[in-house]
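Chain residues, written in single-letter form:
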There are 2 protein chains.
Amino acid sequence: MPGQQDKEPIVIPKPTLDRLKLYHRLLNEIEQKYISSDEIAQRVGTNAEQVRKDLTYLKTTGKPKVGYDVAQLRQELEELFGVKKTTKVILVGAGHLGSALVNYPGFANYGIEIVAVFDNDPRKIGMFIGELSILPMKDLARVIKRFRVEIGIICVPKDSAQQVADILVSNGIKGIWNFTPARLVVPDDVFVVDEDMSQSLLTLKHFLEMKKQKMQESQRG
Amino acid sequence: MPGQQDKEPIVIPKPTLDRLKLYHRLLNEIEQKYISSDEIAQRVGTNAEQVRKDLTYLKTTGKPKVGYDVAQLRQELEELFGVKKTTKVILVGAGHLGSALVNYPGFANYGIEIVAVFDNDPRKIGMFIGELSILPMKDLARVIKRFRVEIGIICVPKDSAQQVADILVSNGIKGIWNFTPARLVVPDDVFVVDEDMSQSLLTLKHFLEMKKQKMQESQRG
DNA sequence: TTTTTATCGTTATATCTTTCACGATAATCT
DNA sequence: AGATTATCGTGAAAGATATAACGATAAAAA
């Protein structure tokens, strides 16, 4: 395998990465100069050992009796997640969800900029979502090249999802944020993050089921 | 601890539960009568052993040389997730995202019915989202009681999130689907599922960071 | 300056999850 | 009917992650 080196291929475990995201969010909300592993833990709902373990994956180190330098930690996390670099993104599918995303105020904080919205419904072409006019799919290649877009958001009906993914991939997109329940098939070097809301829903319903069962049991018992 | 029994407190591990959701979705898409662990695995991107292990948490059992009965497995999963029972849900926050959710066609498939939408902006009261007219917050208690609502969706601005959560909880809501980045503080018996899109974003950006680093390394090396 | 204390970093232990391995079994083939 | 085969179910091994334990260290107190 050429181009691969054994020295320090430190990969951060997924669970740790997920918690680091929580820490990152927390650090953006607090004012103090230092914070202890224990305080971080309490605020995000884990324990101090876990926090310290997680932070060993970073360069930032804490001081005994004081804790971690908030600004420093925040900055390292921002680098880790590339928050500071603006990433240009296109969105395909100008339905309700697409509109919601274009208008989502949170993206700017994470260096995300939606530069164009596409749809294949001729009636929608030219209409505006926020300040962006909806473009036809045939303009996609041009826009991606022009703005050097790397990420595409898919929020079209499920049955068109794979087709759209194929178009995005063939135009050089390397990251896809998939809001449809479809499982996308893409080359290895393309990264897909699924945002399937129905799945979260199942989690909620399952919880309520469990709860009801428990209540019935304790009544019987 | 009264009301707690030691016999068979079988709890399905979270990773297993997440995969079961994938299997459930798959089973809804296929026509065949039987399916093998291997086919399930290939279709959802895992391996056969994993699938079989996961299915040991269910009552359904497979037949050698044949596989699992699709209909039976589907039904057991539907029961597990409470898909068949319609759950009534209210939504607070009639912004872009709220509208998107009300119009989301996928909910019906999972037995979710949004029965009312609330907002505290007087200008929005009485306007329609789909077929639902936007109600003032003061109607909330009445609606929850009337429809026996157990789940509330919060998609208001971050700063109002906790306040809304408190209102929901005090009106007997037991499950909250939180679309804001706020961390909600609720009693132990209330279950919160966070749907923080900014967090998924970080996953994507982190991936792109990694990728860039790798490319730089391989150029240097 | 010495002692005490809070908090870190890290190694060791425990738990949880996945993978492996293989005997059991129902369907198919000879 | 007996042999063969695909597939299951499960217990054991391996791997990953989380928790616990504790010595080290910087700040604060004595």
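Our structure is the block above this text.
Residues numbered from 1 in each chain as written. Chains lettered and ligands numbered in written order. Predicted model: local features only at pLDDT ≥ 70, side-chain atom pairs only at ≥ 80, totals over all residues. Heavy atoms only, no water.

Remarks on the sheet that holds strand β4 (residues 112–119) of chain B
Residues and elements named next belong to chain B. Across the sheet, seven strands lie side by side as β5-β6-β4-β3-β7-β8-β9; this open sheet has mixed pairing. A single partner strand is all that each edge strand has here, and the edge strands are β5 (128–129) and β9 (191–194). Taken together, the three bridges between β4 and strand β6 (residues 132–136) define a ladder with parallel strand orientation. Counterpart to F118 in the pairing with β6 is L135. Its contacts with the sheet place helix α6 (residues 140–147) against β3 (87–92), β4 and β6, and it is angled at close to 170° to β3. (Pairing = 2+ DSSP bridges. Helix = DSSP H or I, 4+ residues; strand = E, 2+ residues; numbered from the N terminus. Contact = heavy atoms within 4.5 Å. Axes fitted to C-alpha atoms, helices over the stretch in contact; angles between N-to-C directions.)

Overview of the interface of chain A and chain B
Chain A puts 60 residues into the contact, and the matching count from chain B is 60 residues. Carbon and sulfur atoms make up 63% of the area that chain A and chain B hide from each other, which totals about 5900 Å². Here E150(A) ties to K212(B) by a salt bridge, and the two come within 3.9 Å at their closest N and O atoms. Mapped onto the side of chain A that touches chain B, the elements with two or more residues apiece are α1 (14–29), α2 (37–44), α4 (70–81), α5 (96–102), β8 (175–178), β9 (191–194) and α8 (197–220) of chain A. Examining the composition of the side of chain A that touches chain B, we find that 17 residues originate from one element, α8(A), more than from any other. For the side of chain A that touches chain B, the residue count by class is 26 nonpolar, 16 polar and 18 charged. (Buried area = accessible area lost by both parts, 1.4 Å probe. Salt bridge = Lys/Arg side-chain N within 4 Å of Asp/Glu carboxyl O. Nonpolar A, V, L, I, M, F, W, Y, C, P; charged D, E, K, R; others polar.)

Some points on the environment of K174(B)
By secondary structure assignment, the location of K174(B) is in the loop between α7 (158–170) and β8 (175–178). Considering only alpha carbons, one finds K174(B) and V149(B), 25 residues apart in sequence, at a separation of 8.9 Å. Not counting the four nearest positions on each side in its chain, K174(B) is found in contact with F207(A), L208(A), K211(A), E150(B), D189(B), V190(B) and F191(B).

Considerations on the relation of the copies chain A and chain B
Each of the two chain copies can be brought onto the other by rotation about an axis and movement along it. If you rotate chain A by 180° and push it 0.1 Å along the axis, it lands on chain B with an RMSD of 0.3 Å. Read as a symmetry element, the transformation amounts to a two-fold axis. The fraction of interface residues of chain A whose copies in chain B are also interface residues reaches 98%, indicating that both copies meet through the same surface. (Least-squares fit on C-alpha atoms with pLDDT ≥ 70 in both.)

Re the sheet that holds strand β4 (residues 112–119) of chain A
In a beta sheet, neighbouring strands are held together by backbone hydrogen bonds and run either parallel or antiparallel to one another. Residue and element names in this part refer to chain A. The strand order β5-β6-β4-β3-β7-β8-β9 describes an open sheet built from seven strands, whose pairing is mixed. In this open sheet, the two edge strands, each paired with only one partner strand, are β5 (128–129) and β9. As paired strands, strand β7 (residues 151–154) and β8 are joined by four bridges and run parallel to one another. Across the sheet, the residue bridging to I153 is W177, located in β8.

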